[in-house]
Amino acid sequence: MIWTLRRKLAISHVVPILLLMPLLSLYLLYSLEDFYTQNLVNQLVNQAQLLRNEIQHNPSLVSNQASAQAFAGTLAPLTDARVLFLSPDATVWASTREEDASRIGSQYQPPAVTQALIGGLVKGVGPGFTTDVAYAVLPLRQGGKVTGALRLSYEMDDVRAQFDQLRELIIAGVVLTVVLALGLSWGLSMTIARPLRELTASVRGIAGGDYHTRVAIHGRDEVGELGDSFNRMAARLDQAEQARERQLAAIAHELARPLTGMRAGLDTLQEGQVTDPGMLETLLGGVGDELDRLERLVGTLQGLHKRALRPLQLNRTEISLEQVIRACVGNFNSSADRLGIHLNSQVPPELRVRADEDRVIQVLTNLLDNAFKFTPRGGNVTVQAGADGNSVWVRVMDTGVGIAEEELPNIFQQFYRGADSRPPETRGMGLGLAISREIIAAHRGRIWVESELGKGSCFTFTLPKG
Ligand code: ADP
């Protein structure tokens with residue numbers, strides 16, 4: 001990958017700096033140099049005008065070469081500028097600089113001087129005696145006649161040396177800024193790219209089935225939030241995977257249990273040693289019970305699979321609750337006899353409701369199945385029903401082991417199978433109550449439980465009459 005996030009970030013930081021900083025610095029530098037030079041020239045003009053005023057008040061100061069030289073001598077310590085006094089024919093009369101001694105008496109006729117002698121003020125930057133200078137040249141007049149000229153100049157070498165220094169400083173600053181920007185953007189991109197790389201590795205881990213993988217959270221920014229969300233998603237997947245494994249184990253276990261019972265019963269029958277008709281009947285009854293259990297289990301699993309594909313469909317008809325309850329309870333009579341449990345039902349005959357009969361039977365069977373599973377020999381299982389306003393209620397009560405308070409919120413959840421301390425033969429797949437709740441909810445009814453550990457449980461559901 002050439003355009004990695006890190007490179008993109010580094011380039012997005014460094015390129016603007018690399019382009020803008022030198023341009024901006026050069027522009028600033030040249031503007032400053034120009035401003036400074038103009039300022040210098042203006043200062044020279046000011047000084048020249050002051051001197052000219054002085055001379056106009058006192059013409060004798062530069063009336064001849066000797067007085068001009070004396071005046072230049074007094075000026076020399078007062079100004080940094082080089083002051084030249086020139087005659088009307090551009091002969092150098094006097095200078096404030098000693099090195100100009102050899103130029104005294106000779107002509108000096110650069111264009112600026114010639115122009116000033118015939119016109120007025122001339123100012124600017126141009127060649128001087130040895131180097132470039134900033135200059136201002138003013139003609140001197142007496143009674144309308146040009147009596148000479150005044151030239152003030154300042155060597156640009158000093159100014160340029162200062163600006164060269166400034167330029168070097170700015171170039172060093174630009175280089176330093178680029179290096180700093182590179183370093184910063186590199187560091188910044190590392191802090192973003194590293195967690196993203198870790199995240200990518202973890203996502204690949206999840207794709208490969210490693211649900212335990214988690215990423216380290218490096219900060220509280222957007223990338224940190226992404227990592228946090230990923231960790232939560234991974235935790236959910238991990239939980240789901242564990243639940244799936246538990247469910248598979250539960251399903252396999254549940255299917256194996258009745259099969260083992262049936263195999264044991266059939267083996268005994270095949271051995272042909274049981275001849276007593278009563279014993280034979282009990283054995284066959286046991287195999288039949290296991291077969292029923294197996295059918296119910298498979299039915300539950302099929303129902304679960306179908307409902308995963310499409311929502312629960314109800315086939316409502318007007319049903320007599322008394323008949324439905326009687327039929328269900330009848331199915332448990334033989335189990336009640338075999339397990340020594342007293343089974344009663346108290347249902348008024350006139351109770352009618354619009355509901356899906358098969359589904360109501362499924363709920364009742366689940367509740368009765370549980371009541372028998374969790375009630376010891378000698379206990380009671382009672383079914384009651386009644387009407388209350390616009391709805392009917394059905395109650396399945398047992399005097400069994402009861403349910404601990406902390407377990408109550410969980411028992412209607414799919415695949416919740418109660419405390420592990422329960423004997424294995426009472427531990428189902430944990431689907432019966434979840435399915436029952438779904439069926440009752442589809443009827444717009446309610447189902448709930450009241451229970452006390454060691455005393456028994458009471459499951460109630462309601463159905464709207466209409
Ligand atoms: P299962 O198929 O395991 O019976 P259920 O959804 O029907 O699943 O029940 C879930 C759990 O609720 C059971 O494993 C059990 O712990 C608890 N439970 C349900 N009915 C009763 C009851 N009548 N007495 C005591 N515990 C019960």
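Whatever comes next refers back to the structure up there.
Below: a short report on this structure.

About the thresholds
- Residues numbered from 1 in each chain as written.
- Predicted model: local features only at pLDDT ≥ 70, side-chain atom pairs only at ≥ 80, totals over all residues.
- Heavy atoms only, no water.
- Pairing = 2+ DSSP bridges.
- Helix = DSSP H or I, 4+ residues; strand = E, 2+ residues; numbered from the N terminus.
- Axes fitted to C-alpha atoms, helices over the stretch in contact; angles between N-to-C directions.
- Contact = heavy atoms within 4.5 Å.
- 1 Å grid on protein atoms, 1.4 Å probe; cavity = no way out; pocket = protein on both sides within 12 Å on 5 of 7 lines; lining within 4 Å.
- Points joined across faces, edges and corners; volume = space filled by probe spheres on them.
- Nonpolar A, V, L, I, M, F, W, Y, C, P; charged D, E, K, R; others polar.
- Phe/Tyr/Trp six-rings, centres within 6.5 Å; stacked < 30°, edge-to-face > 60°.
- Buried < 20%, exposed > 50% of the residue type's maximum accessible area, 1.4 Å probe, protein only.
- Lys NZ or Arg CZ within 6 Å of the ring centre and 35° of its normal.

1. Remarks on the sheet that holds strand β2 (residues 92-95)
- With respect to topology, 5 strands assemble into an open sheet ordered β2-β1-β5-β4-β3, the strand pairing being antiparallel. The open sheet terminates on both sides in strands that have one partner only, identified here as β2 and β3 (122-127). Across this sheet, the average inter-strand angle for adjacent strands is 25 degrees, counted without regard to direction.
- Sheet analysis places strand β4 (residues 132-142) next to strand β5 (residues 145-155), joined by 10 bridges and oriented antiparallel. Opposite R141, over in β5, you have V146 as the bridge partner.
- Contacts from helix α3 (residues 111-118) reach β1 (82-86), β3, β4 and β5, with the element oriented near 20 degrees to β4.

2. Let's talk about the sheet that holds strand β7 (residues 342-346)
- Here 5 strands make up an open sheet; going across it, the order is β7-β9-β10-β12-β11 and the pairing mixed. Each edge of the sheet is formed by a strand with only one pairing partner; in this case those strands are β7 and β11 (447-452). Going across the sheet, the axis of each strand differs from the next one's by a mean of 15 degrees, ignoring polarity.
- Of the strand pairs in this sheet, β11 and strand β12 (residues 456-464) are connected by 6 bridges, and their pairing is antiparallel. Considered in β12, the bridge of W448 is made with T460.
- Helix α10 (residues 432-442) rests against β11 and β12 of the sheet, and its axis sits at about 25 degrees to β12.

3. Structural notes on the layout of surface pockets
- What the second largest pocket holds in volume is close to 300 Å³.
- Residue lining of the second largest pocket: 14 residues in total, with R246, Q414, F415, Y416 and R417 positioned closest to the centre.
- Counted by class, the lining of the second largest pocket contains 6 nonpolar, 5 polar and 3 charged residues.

4. Quick look at the packing of aromatic side chains
- Tallying each qualifying case throughout the model produces 5 aromatic pairs.
- With centroids separated by 6.3 Å and ring planes inclined at 70 degrees, the aromatic side chains of F412 and F459 adopt a geometry described as edge-to-face. Here F412, found in the loop between β10 (391-398) and α10, pairs with F459, found in strand β12; they are 47 residues apart in sequence, far enough to count as distant. Taken as a pair, F412 and F459 share a single burial class, namely buried.
- Lying over the aromatic face of W393, R395 brings its terminal NZ or CZ to 4.3 Å of the ring centre.

Geometric values such as these leave the question of function open.
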